[in-house]
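# Remarks on the overall topology
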Amino acid sequence: MTATLVAKDLVGGFAHRTLFDGLDLTVAPGDVVGVVGANGAGKSTLLRILAGVLEPLEGTVSLAPADAFIGWLPQEHDRVPGETVAAYIARRTGCAEATTAMDAAAAALSDPAAATPGVDPADAYGVALDHWLATGAADLEERLPAVLADLGLDSHAVDPATTTMTSLSGGQAARVGLAALMVSRFDIVMLDEPTNDLDLDGLERLETFVRELRGGVVLVSHDREFLARSVTRVLELDLAQNTTTVFGGGYDSYLEERETARRHRREEYEEFAEKKADLVDRARTQREWSSQGVRNAMKKSPDNDKIRRKAAAESSEKQAQKVRQMESRIARLEEVAEPRKEWELHFTIGAAPRSSSVVATLSEAVVHQGDFTLGPLSLQVDAGERIGITGPNGAGKSTLLRLLLGRQSPDSGRASLGANVAIGEIDQARAEFTGATPLVDRFESHVPDWPTAEVRTLLAKFGLRADHVERAVDDLSPGERTRAGLALLQAVGTNVLVLDEPTNHLDLPAIEQLEQALDSYEGTLLLVTHDRRMLDTVRCDRSWSVLDGQVSER
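Residues numbered from 1 in each chain as written. Predicted model: local features only at pLDDT ≥ 70, side-chain atom pairs only at ≥ 80, totals over all residues. Heavy atoms only, no water.

- Going by the annotation in an unreviewed UniProt entry, the name recorded for the chain is ATP-binding cassette domain-containing protein, with Williamsia herbipolensis given as the source organism.

Here's what the structure looks like:
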């Protein structure tokens, strides 16, 4: 089925805060709309509204046809304890809900007493059956194994009927999420950060899938290369200007148009401000001349009240007329609002005293994890080296990092960490910022000597203000937890920086600022990322490729 979604005058947000308003958007078959904006601008909220998961504060969302099937895939995989891969995919694709509805309709058909009053059980069953077939639930079990195997998750690694989602690694969970998308039968799909945790092969498969979809797609992503290769239009939620703008063309075209539009807004305001300031200054001068003219007339005729009053009146009226003319010109100026200054993240990575000349060494190191073996590896990381690490999910990158950092001992061979090594890390799971502890308390535990006021001030610089710092870290968004991790890197000195997929959940301005901070960082860097533009932007001395438990230098 081909379907079209039309959003009109949408207002989204919460009772205490409006995130966007007056938003109009049409998504037709074949459209791929990329939604961009700073963290907190309302991107995920918009997707939930368009998917019908959340009601807008105002405005409407309509579908043609009205029974079109919309899918929403949130950015976090929402792994339920005990839920199998098959059950997870059935839930994500809408098949589970459709099956439940059909079973209920079938029960009502066989037992009229259980039917909804006023609803023909046969009609209800027919609608439920049509929807069940449309979701692809009828043959989902048969289609799924082949898709999983094609994604490198064959039955030996992942048995969809018995393997639970909570037992999977982040990379495996990301591939299962991709499998859910590939077996889905949505007419229109909402994708929230679908690239997170996907390796390069997964990214290419996702790009191909999105390009080949016949239905419309609305997606949120901070992967710049994915946006450049996939989207046909860009919807910008500009939190600073409180505007929503749709840009035609792809992502790179949007960047150019956005920069041009911002420059024009600034030039228009500066021209207006300069003209208004000139008129105001001239009006002020006229008033001064008027006052000076009266005083001069009084000095020349100090004893003649009649002449003094006449001179004062004539001079005052003439100058007052000029002042009124200036004020009239000022009033007729078309007001141009000053562009609001965008909030920008500016930070540096705190430095620690230099470590020993050799940071880490592996000598014939081997690690066994079930059927997987990493090694034997003989590697050395020297102080100040910048190493980019790439490889498919499951190749052993995270295990390699644990070995190098002394957090896991090899089963054979040797691993040693140098002296005076101060490690700063943003790990893939953002493990430093999880749990029920308030953010401010968790942060203070890492910097016990800092006054609370200084902690709050630093977090505010990273966009984590009063309404964030008292919340439990588990209640923060993934992007907010990542910002807290960046703030910690600034607060705590480091001479060995380890970044494992640092761009996951970060908004585009923060990614660019991170790249700038890395450019000036002088310590040792171990960077694991699948962000292709970051790999091109960040300077690295060496590149390691991890594949099938082995490390090669490229």
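Okay, back to it.
## Quick word on the packing of helix α2 (residues 85-92) against helix α5 (residues 140-150)
- Taken N-terminus to C-terminus, the directions of α2 and α5 make an angle of 110°; their axes are 11 Å apart at the nearest point. By the angle between their directions, the pair α2 and α5 is classed as roughly perpendicular. Contact residues: Val85, Ala86, Ile89 and Ala90 in α2; Leu140, Leu144 and Leu148 in α5.
- Here the contact of α2 with α5 is composed, by residue class, of 7 nonpolar, no polar and no charged. (Axes fitted to C-alpha atoms, helices over the stretch in contact; angles between N-to-C directions. Helix = DSSP H or I, 4+ residues; strand = E, 2+ residues; numbered from the N terminus. Parallel < 35°, antiparallel > 145°, perpendicular 65-115°, else oblique. Contact = heavy atoms within 4.5 Å. Nonpolar A, V, L, I, M, F, W, Y, C, P; charged D, E, K, R; others polar.)

## Focus on the nonpolar core
- Core analysis: the biggest nonpolar cluster contains 85 residues, and Ile89, Leu219, Leu439 and Phe443 have the highest contact counts within it.
- Examining the composition of this core, we find that 8 residues originate from one element, helix α6 (residues 170-183), more than from any other.
- When neighbours within four sequence positions are excluded, Ile89 is seen to be in contact with Leu140, Leu144, Leu148, Val176, Ala179, Ala180 and Val183. (Core = buried A, V, L, I, M, F, W, Y, C linked by side-chain atoms within 4.5 Å. Buried < 20%, exposed > 50% of the residue type's maximum accessible area, 1.4 Å probe, protein only.)

## Details of the sheet that holds strand β7 (residues 216-220)
- Strand order in this open sheet of 6 strands is β5-β6-β7-β3-β8-β9, and the pairing throughout is mixed. Edge positions in the sheet fall to β5 (70-73) and β9 (243-248), since each has one partner strand and no second. Averaged over neighbouring strand pairs, the angle between their axes works out to 15° when direction is ignored.
- In the sheet, strand β3 (residues 32-36) pairs with β7 via 4 bridges, with the strands oriented parallel. (Pairing = 2+ DSSP bridges.)

## Section: the packing of aromatic side chains
- Per the counting criterion, the structure on display carries 4 aromatic pairs.
- When the ring of Phe433 is compared with that of Phe443, the centres are 6.4 Å apart and the planes differ by 25°; the resulting orientation is stacked. You can see Phe433 sitting in the loop between β14 (423-426) and α12 (439-446) and its partner Phe443 sitting in helix α12, a full 10 residues away along the chain. Each member of the pair, Phe433 as well as Phe443, is classed as buried.
- Joined through ring pairs, the aromatic side chains of Phe247, Tyr251 and Tyr254 make up one cluster. (Phe/Tyr/Trp six-rings, centres within 6.5 Å; stacked < 30°, edge-to-face > 60°.)

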